[in-house]
Protein chains: 2
Amino acid sequence: MKKVGYVQTAPIFGDKEKNFNQIENLLVNVKADLLVLPELFATGYTFISKEEAISFAETSNEKTSQFLKKISKMTGAVIVGGYIEQAENEIYNSAMIVSNDRVVDSYRKIHLYYKEKLWFSSGDKPFKVYEVNDIKIGVMICFDWIFPETVRTLALLGADIIAHPANLVLPYCQNAMITRSLENRVFSITSNRIGEENRGEDHFQFTGQSQIISIHGENLSLAPKDEIFIELVDIDIKKARDKKLNEYNNLFKDRRQDFYYQNDN
Amino acid sequence: MKKVGYVQTAPIFGDKEKNFNQIENLLVNVKADLLVLPELFATGYTFISKEEAISFAETSNEKTSQFLKKISKMTGAVIVGGYIEQAENEIYNSAMIVSNDRVVDSYRKIHLYYKEKLWFSSGDKPFKVYEVNDIKIGVMICFDWIFPETVRTLALLGADIIAHPANLVLPYCQNAMITRSLENRVFSITSNRIGEENRGEDHFQFTGQSQIISIHGENLSLAPKDEIFIELVDIDIKKARDKKLNEYNNLFKDRRQDFYYQNDN
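Here's a quick rundown of the structure. (Residues numbered from 1 in each chain as written. Chains lettered and ligands numbered in written order. Predicted model: local features only at pLDDT ≥ 70, side-chain atom pairs only at ≥ 80, totals over all residues. Heavy atoms only, no water.)

## Observations regarding helix α6 (residues 173–184) of chain B
Taking 1.5 Å as the rise per residue, α6(B) with twelve residues should run 16 Å; its terminal C-alpha atoms sit 16 Å apart, in good agreement. Burial analysis of α6(B) places eleven of its twelve residues in the buried class, which makes it a mostly covered element. Residues of α6(B) that are buried include every one of B:Cys173, B:Gln174, B:Ala176, B:Met177, B:Ile178, B:Thr179, B:Arg180, B:Ser181, B:Leu182, B:Glu183 and B:Asn184, and no others. Buried residues along α6(B) sit in contact with α5 (148–156) and α6 (173–184) of chain A together with α5 (148–156), β8 (161–165), β9 (187–191) and β12 (211–213) of chain B. One or two positions beyond α6(B), positive phi appears at B:Arg185, with a value near 50°. (Helix = DSSP H or I, 4+ residues; strand = E, 2+ residues; numbered from the N terminus. Expected span 1.5 Å × (residues − 1). Buried < 20%, exposed > 50% of the residue type's maximum accessible area, 1.4 Å probe, protein only. Contact = heavy atoms within 4.5 Å.)

What follows is the structure, encoded as structure tokens:
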């Protein structure tokens, strides 16, 4: 069994230290195997210029990585959490995967939402599955959910569980993730934030309701809409490796690839 | 605006005439543009041998097609409904598309469920979209829903609406179709049956709750679990042709095909 969970937070825009402390305080005495934090958990979401977003960007060897290493060592968990990644001349809406003293990798959000297209470059590296703590972790960020190819690709690459940092503002994702888990027989953890941001022309109300979904589409944990919240559940992660639905059906072997849209269409 | 709907029936196993009459009585005075009937609406579902399934099979020029032409002429609607298709030496779990005096085509179910694999051959023709009555209709049958590639393929082929004859026995599909419509911005009509069948080792309780979903994932119609039911709604079908989500996002143009699983993986 593996202990996996999320931390649902209320980030304060632009105040990394306070946002780190909020999470650290929630993790006192927590032991786990995998913990997912929200998208852009340290910075807030609603930038008003590219310059502002750049001003919060970091490489994977600065404050945010130090913080993630600290809480990884403290909890024993691999941590997946969002940050603005500085890489050469580009910035990305990324999720860092950190285990103990090691930055495993950063996933760069492939499907950008709304004005993110003005601040960030689109992810330029393939979807990937990371095996850490004997868990095969597929990573996606927020709006990636709406493209069924995202979780499908991660599941076909062998993911047991989808780590899904999010800053959700539309009401659709939480229900859709039930289908994502079910159609791929993978676990999923959506770690969302709460609160609101009014900056420039934009007003965003974040929807909370972070959740953990089983391979059968059951809701194993569902956070409130408007409270800072942490929850851990014990799951038998290896169940995600068997795609058999019944004696006659296997969700992966039954795929009829010759009849699906081809990528060059 | 187009008037589209479903007929949720309680088929009597093996009694085609009674099953035809049940539907015809529900359609008195109905005028519509598209009507969807359940999977295998004339025969029932739970066969106990291949021979038995073969005994109910028809070409597209026999009793069932005559009935479908009759109700198409009566209602003015293109009809999509399930039957056992006899074709050379194979039988298929198919859906016939009938408009007025014409059999447009038959779709052969591509993803067979459970013991259907013992009776039927798997669909051997590509997913296709049929333009009839100025509606671009994508057809799939029951279990096809669980493979996200099905609706995705039909939507990329230009479907405005998914006509989905079903004999659902699991509790997942109705909720998943909300996501299918939402992720592809297509309308969908799931026409399910009610009642139960106890034949051989199998006991199936069919779940009813036929439904019509909008391009935004709204439930425009939801039938009861256990009543014969017909419902029609007026929809602006052309709304499905615009995949724009907001000023920055378009659900089809934002696809990042280079990062999705390739068919030869």
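## Focus: the relation of the copies chain A and chain B
Superposition record for chain A on chain B: RMSD 0.0 Å, screw rotation 180°, translation along axis 0.0 Å. The relationship between the two copies is best expressed as a two-fold rotation axis. By C-alpha distance to the rotation axis, the residue of chain A lying nearest is A:Pro148, at 3.3 Å. An overlap of 100% is found between the interface residues of chain A and their copies at the interface of chain B, pointing to a shared contact surface. (Least-squares fit on C-alpha atoms with pLDDT ≥ 70 in both.)

## Quick look at the sheet that holds strand β7 (residues 135–139) of chain B
Residues and elements named next belong to chain B. Pairing is mixed in the open sheet, where six strands are placed in the order β6-β7-β8-β9-β12-β13. Every interior strand has two partners, whereas the edge strands, β6 (129–132) and β13 (219–222), have only one. Averaged over all pairs of adjacent strands, the angle between their axes in this sheet comes to 20°, without regard to strand direction. One ladder, built from three bridges, connects β12 with β13; its direction is antiparallel. From the neighbouring strand, glutamine 211 faces β13, where its bridge partner is leucine 222. (Pairing = 2+ DSSP bridges. Axes fitted to C-alpha atoms, helices over the stretch in contact; angles between N-to-C directions.)

## Here we look at the interface of chain A and chain B
The partner chain B presents 48 residues to the 48 residues of chain A that form the contact. Taking both sides of the interface into account, the surface hidden between chain A and chain B amounts to around 4500 Å²; carbon and sulfur atoms contribute 58%. Viewed at the interface, chain B and chain A are joined by eight salt bridges. Residue A:Arg152 pairs with B:Glu149 through a salt bridge whose shortest N-O separation is 2.8 Å. Connecting chain A to chain B are 24 residue pairs in polar contact (both at pLDDT 80 or more). (Buried area = accessible area lost by both parts, 1.4 Å probe. Salt bridge = Lys/Arg side-chain N within 4 Å of Asp/Glu carboxyl O. Polar contact = N/O pair within 3.5 Å; in protein donor to acceptor, adjacent residues only side chain to side chain.)

## A word on the pattern of salt bridges
Applying the stated criterion to the full structure yields 42 salt bridges over all chains. A:Asp101 is the salt-bridge partner of A:Lys73, the closest N and O atoms lying 3.0 Å from each other. Note that A:Lys73 is positioned in helix α3 (residues 63–75) and A:Asp101 in the loop between β4 (90–99) and β5 (102–108), a separation of 28 residues in sequence. Taking the shortest distance from any N to any O, the salt bridge between B:Glu24 and B:Lys70 comes out at 3.0 Å. Placement of the pair is B:Glu24 in helix α1 (residues 16–26) and B:Lys70 in helix α3 (residues 63–75), with a sequence separation of 46 residues. The exposure class of B:Glu24 is buried, given its relative accessible area of 19%. One network of salt bridges, with partners in common, ties together A:Arg180, A:Glu183, B:Arg180 and B:Glu183.

## Section: the packing of aromatic side chains
Scanning the entire structure with this criterion turns up 32 aromatic pairs over all chains. When the ring of A:Tyr113 is compared with that of A:Tyr114, the centres are 5.9 Å apart and the planes differ by 35°; the resulting orientation is tilted. Considering the side-chain rings of A:Tyr114 and A:Phe204, the 6.1 Å spacing of their centres and the 85° angle between planes classify their relative orientation as edge-to-face. Residue A:Tyr114 is located in the loop between β5 and α4 (116–119), and its partner A:Phe204 is located in strand β11 (residues 202–205); the two are separated by 90 residues in the primary sequence. Comparing A:Tyr114 with A:Phe204 shows no difference in burial state: the two are buried. Three or more aromatic residues joined by ring pairs make a cluster, and in this case those are A:Tyr45, A:Tyr113, A:Tyr114, A:Phe143, A:Phe147, A:Phe204, A:Phe206 and B:Tyr248. (Phe/Tyr/Trp six-rings, centres within 6.5 Å; stacked < 30°, edge-to-face > 60°.)

The quantities given are spatial measurements derived from coordinates; they are silent on function.
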